[in-house]
Amino acid sequence: PKEGGCDHTIRYDQPIPVDESELPLKLPVMEDFKPGDDPAGCLARAKDWRYFQKEGKWYARETNTMPQWAGSCWYYFRFLNPKNTDEAFSK
């Protein structure tokens, strides 16, 4: 984000814990949670929530709400049911 025309570097490789006093972390109020063109997801559009300062440094909240394993589990179900032509896998 920019503040006063200055760029700030966001370090995604240095996660920080949420202070216990800030729990539970409240999600932003949004009118539209529909997926968009950005693969980062709808929470990435909530800029005021996503980017924040702590002790004078800028941070970005993680916006990926789908773990990698959950997104790929359908491959496992399809493997067990490869001849189903009506749906991805049966119930």
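You'll find the structure just up there.
Residues numbered from 1 in each chain as written. Predicted model: local features only at pLDDT ≥ 70, side-chain atom pairs only at ≥ 80, totals over all residues. Heavy atoms only, no water.

## Quick word on the environment of Phe 33
Its place among the elements puts Phe 33 in the loop between β2 (6–7) and α1 (47–50). Residue classification places Phe 33 among the partly exposed residues on the basis of a relative accessible area of 46%. Counting along the chain gives 12 residues from Phe 33 to Arg 45, while the straight-line C-alpha distance between them is 9.5 Å. Apart from residues no more than four positions distant in its own chain, Phe 33 is found in contact with Pro 28, Cys 42, Leu 43 and Arg 45. (Helix = DSSP H or I, 4+ residues; strand = E, 2+ residues; numbered from the N terminus. Buried < 20%, exposed > 50% of the residue type's maximum accessible area, 1.4 Å probe, protein only. Contact = heavy atoms within 4.5 Å.)

## Some words on a nonpolar patch on the surface
A cluster of nonpolar side chains, namely Trp 74, Tyr 75, Tyr 76, Phe 77, Phe 79, Leu 80 and Phe 89, defines an oily patch on the protein surface of about 830 Å² accessible area. Within the element layout of this structure, Trp 74 appears in helix α2 (residues 68–80). (Patch = residues over 30% accessible without salt bridge, like charges linked within 9 Å, V, L, I, M, F, W, Y side chains within 5 Å. Areas by Shrake-Rupley, 256 points an atom, 1.4 Å probe, with all protein chains shown as cover. Salt bridge = Lys/Arg side-chain N within 4 Å of Asp/Glu carboxyl O.)

## Here we look at the pairing of strand β4 (residues 57–60)
Two elements, strand β3 (residues 51–54) and β4, share four bridges in a ladder whose sense is antiparallel. Note that in β4 the partner of Phe 52 across the bridge is Tyr 59. From the end of β3 to the start of β4, which pair antiparallel, there are two residues, and Glu 55 there has a positive phi angle of about 55 degrees. (Pairing = 2+ DSSP bridges.)

## Examining the pattern of salt bridges
Under the counting rule described, the total for this entry stands at one salt bridge. Residue Lys 54 pairs with Asp 19 through a salt bridge whose shortest N-O separation is 3.2 Å. One end of the pair, Lys 54, is in strand β3; the other, Asp 19, is in the loop between β2 and α1, and 35 residues separate them in sequence. Under the relative-accessibility criterion, Asp 19 is labelled partly exposed at 32%.

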